[in-house]
Number of protein chains: 2
Amino acid sequence: MTDPTPLSPRSPRAVLIDLAGVLYVGTSAIPGSVAALQRLRAAGLPLRFLTNSTRMPREPIAARLRAMGFTLQADEIQTAAHAALNLVRRRGLHPRYLVHPDLRDEVGPDAERPDAVVMGDMGPFLDYAQLNAAFRLLMDGHPLIAMARNRYFMDADGLSLDMGAFVTGLEFCSGTRAEIVGKPAPGFFHDAVAELGVEPEDAVLIGDDLHDDVGAARAAGLRAVLVRTGKFRAGDDAHPQVRPDLVADDFSAAVDHLLAHG
Amino acid sequence: MTDPTPLSPRSPRAVLIDLAGVLYVGTSAIPGSVAALQRLRAAGLPLRFLTNSTRMPREPIAARLRAMGFTLQADEIQTAAHAALNLVRRRGLHPRYLVHPDLRDEVGPDAERPDAVVMGDMGPFLDYAQLNAAFRLLMDGHPLIAMARNRYFMDADGLSLDMGAFVTGLEFCSGTRAEIVGKPAPGFFHDAVAELGVEPEDAVLIGDDLHDDVGAARAAGLRAVLVRTGKFRAGDDAHPQVRPDLVADDFSAAVDHLLAHG
């Protein structure tokens, strides 16, 4: 392995942790990560868990992680849906939501006179009437806020069409440009550090995706640790443009380094 | 009015006639157009009626026009759906069709092992499962043939999202580029003249849309008459790039000119 580049001398005051590929893969915790999270908590560092989930609310995500042995609360998780709600609150918007029924309780009811469209992954619940209602709001000049622009995802029965299709389609027909709130948007990281009461440069992110975690966090002013698990591919730790502040074999090694040198 | 530019001296041997805005507006025949079509038929010129309809089969389109007083048969009409079927036949494809239920009889059943996706306007019958099945065929390298890429259309209750949203979305997610078969594709005009057994330069199109009728027909090698009805807007007859071979006040005047000078 490459020797880890030391982090900058300034100690991190908060840690953001990407979920899939860092803490777990599939339905199993990555070896050592449950104990490593306990060590990190024992050190008293405030934490946020990040996921680009656009369909599932925070409570079942937390429950799934607890079932793998992790200790965490729903309100420590930042999802793309949660980031969209933060943005709605900050701007005082009254959206119509195009979201999966599972997410409806988290976003609340649609406004009677909507002044924005907020779009998540509706999965099989997508229909023409909802898209057309959104289209008409966009044609009236209201903004389109989308949780993500992903092209596809791996479903149980194969590669499947993701919500990027509908974001792009609505943009094309209405002439509106969507604002994407999930990773890699800088606001996604800024939201998380703001909730923890620290500045971006005082926070460190631990992620497995060179571009959407590490590159995006660094572009947002945070430091970033790349782990060699999950999406990590050989060569990610020697990319000419995107350079993590630290490369660690896994979450456990990353935590050890942060606690020893951070 | 501008004096009509005379058509080139070569007599047209076939006439293609755009439907909406040329023969009728809404549900009414444009004054003089029923009689003008009779004069054109009496002159013995072979005819094709063109429409970018991606939802309705040819028989009900013909029936609607007959109800306005026009004499025409379903098989004289070229729709975007019909152009897609011609292309499927020419290439020996076995498509999965994403079409409105009204069009299902015209296209026939889906192939058991599809090697192409043919997409029309499904209107409210669009659903995620169908789009995802199409997406998977595209990811397997099969082509996407789309009847149109329109952004929106005027429905009874207002401006509505058109199929361009789903064509563009599937393209974005699959990395495939759709082949559009409706106007303004040159093949749309070539299909029509081929069925009439004449060369493009021997045919003349009469249309109300400067770009999708006149410009597209001329780009396909036909001559084109622009009428000042339907979509015609002031200045269309003096466009710096798109120049009709003839500008006429309406279909009746266009027919008179063709019969007198054509």
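Residues numbered from 1 in each chain as written. Chains lettered and ligands numbered in written order. Predicted model: local features only at pLDDT ≥ 70, side-chain atom pairs only at ≥ 80, totals over all residues. Heavy atoms only, no water.

1. Notes on the overall build of chain A
Across its full length, chain A holds nine helices and 14 strands. For 262 residues, the compact-globule formula gives about 18 Å, and the C-alpha radius of gyration of chain A, at 19 Å, lands near that figure. Taking contacts inside chain A between residues at least 6 apart in sequence as the whole, the part at least 24 apart equals 61%. With an accessible surface of roughly 11000 Å², chain A has 51% of that area assigned to carbon and sulfur atoms. Once the 26 positive and 34 negative side-chain charges of chain A are each reduced to a mean point, those two points are 2 Å apart. (Helix = DSSP H or I, 4+ residues; strand = E, 2+ residues; numbered from the N terminus. Rg over C-alpha atoms; globule rule 2.2 N^0.38 Å. Contact = heavy atoms within 4.5 Å. Areas by Shrake-Rupley, 256 points an atom, 1.4 Å probe, with all protein chains shown as cover. Lys, Arg positive; Asp, Glu negative; His and termini not counted. Charge placed at Lys NZ, Arg CZ, Asp CG, Glu CD.)

2. Remarks on the sheet that holds strand S11 (residues 179-180) of chain B
Residues and elements named next belong to chain B. Read from one edge to the other, the open sheet built from four strands follows the order S6-S7-S8-S11, with strand pairing classed as parallel. Two strands in the sheet have a free side with no partner beyond their single neighbour: strand S6 (95-98) and S11. Examined bridge by bridge, strand S7 (residues 116-119) and strand S8 (residues 144-146) share three bridges and lie parallel to one another. Its bridge partner lying in S8, Val118 is registered against Ile145. Those strands touched by helix H3 (residues 80-91) are S6, S7, S8 and S11, and its axis lies near 170 degrees from that of S6. Strands S7, S8 and S11 of the sheet are contacted by helix H6 (residues 164-174), whose axis makes an angle of about 165 degrees with S8. (Pairing = 2+ DSSP bridges. Axes fitted to C-alpha atoms, helices over the stretch in contact; angles between N-to-C directions.)

3. Some words on the interface of chain A and chain B
Listed per partner, the contact involves 28 residues of chain A and 28 residues of chain B. Across the chain A to chain B interface the summed buried area is about 2400 Å²; carbon plus sulfur atoms make up 69%. The largest per-residue losses of area from chain A upon contact with chain B belong to A:Tyr128, A:Leu161 and A:Phe172, which jointly make up 32% of the total buried on that side. Put simply, chain A and chain B have two salt bridges between them. Between A:Arg136 and B:Asp157 there is a salt bridge; the shortest N-O distance is 2.9 Å. Counting the contacts that link chain A with chain B gives 16 residue pairs in polar contact (both at pLDDT 80 or more). When residues of the side of chain A that touches chain B are traced back to their parent elements, those giving at least two are helix H5 (128-139), strand S9 (152-155), strand S10 (158-161) and helix H6 (164-174) of chain A. Looking at the side of chain A that touches chain B element by element, the count peaks at eight residues for H6(A). By residue class, the composition of the side of chain A that touches chain B is 15 nonpolar, eight polar and five charged. (Buried area = accessible area lost by both parts, 1.4 Å probe. Salt bridge = Lys/Arg side-chain N within 4 Å of Asp/Glu carboxyl O. Polar contact = N/O pair within 3.5 Å; in protein donor to acceptor, adjacent residues only side chain to side chain. Nonpolar A, V, L, I, M, F, W, Y, C, P; charged D, E, K, R; others polar.)

4. A short note on the relation of the copies chain A and chain B
Expressed as a screw transformation, the operator carrying chain A onto chain B has a rotation angle of 180 degrees and an axial translation of 0.1 Å, and the superposed copies differ by an RMSD of 0.1 Å. On this basis, the relationship between the two copies can be described by a two-fold rotation axis. Ranked by how close their C-alpha atoms come to the rotation axis, the residues of chain A are headed by A:Gly169, at 2.5 Å. Interface overlap between copies is the fraction of interface residues in one copy that are interface residues in the other; for chain A against chain B it reaches 100%, indicating a shared surface. (Least-squares fit on C-alpha atoms with pLDDT ≥ 70 in both.)

5. Focus: the side chain of B:Ser252
All names here are of chain B. Following the sequence through the fold, Ser252 ends up in helix H9 (residues 251-261). Using a relative accessible area of 15% as the deciding quantity, one classes Ser252 as buried. When sequence neighbours within four positions are dropped, the list of residues in contact with Ser252 reads Gly32, Ala36 and Arg39. (Buried < 20%, exposed > 50% of the residue type's maximum accessible area, 1.4 Å probe, protein only.)

6. Looking at H3(B)
All names here are of chain B. End to end, H3 covers 17 Å across 12 residues, agreeing with the expected 16 Å (1.5 Å per residue, within 8%). Of all the residues in H3, the buried ones are Ala80, Ala81, His82, Ala83, Ala84, Leu85, Asn86, Leu87 and Val88. Phi turns positive, to about 65 degrees, at Gly92, one or two residues after H3. (Expected span 1.5 Å × (residues − 1).)

7. Some details on the domain arrangement of chain A
Structurally, chain A comprises domain 1 (14-52 + 184-261) and domain 2 (93-180). The straight-line distance from the C-alpha centre of domain 1 of chain A to that of domain 2 of chain A is 29 Å. (Domains from an automatic or database assignment.)

8. With respect to the packing of aromatic side chains
Under the definition given, this model contains four aromatic pairs over all chains. Taking the centre distance of 6.0 Å and the plane angle of 40 degrees together, the rings of A:Tyr152 and B:Phe135 count as tilted. One end of the pair, A:Tyr152, is in strand S9; the other, B:Phe135, is in helix H5 (residues 128-139), on a second chain. By relative accessible area, A:Tyr152 is classed as partly exposed at 38%. Ring centres 6.0 Å apart and planes at 85 degrees place the aromatic pair A:Phe188 and A:Phe189 in the edge-to-face group. (Phe/Tyr/Trp six-rings, centres within 6.5 Å; stacked < 30°, edge-to-face > 60°.)

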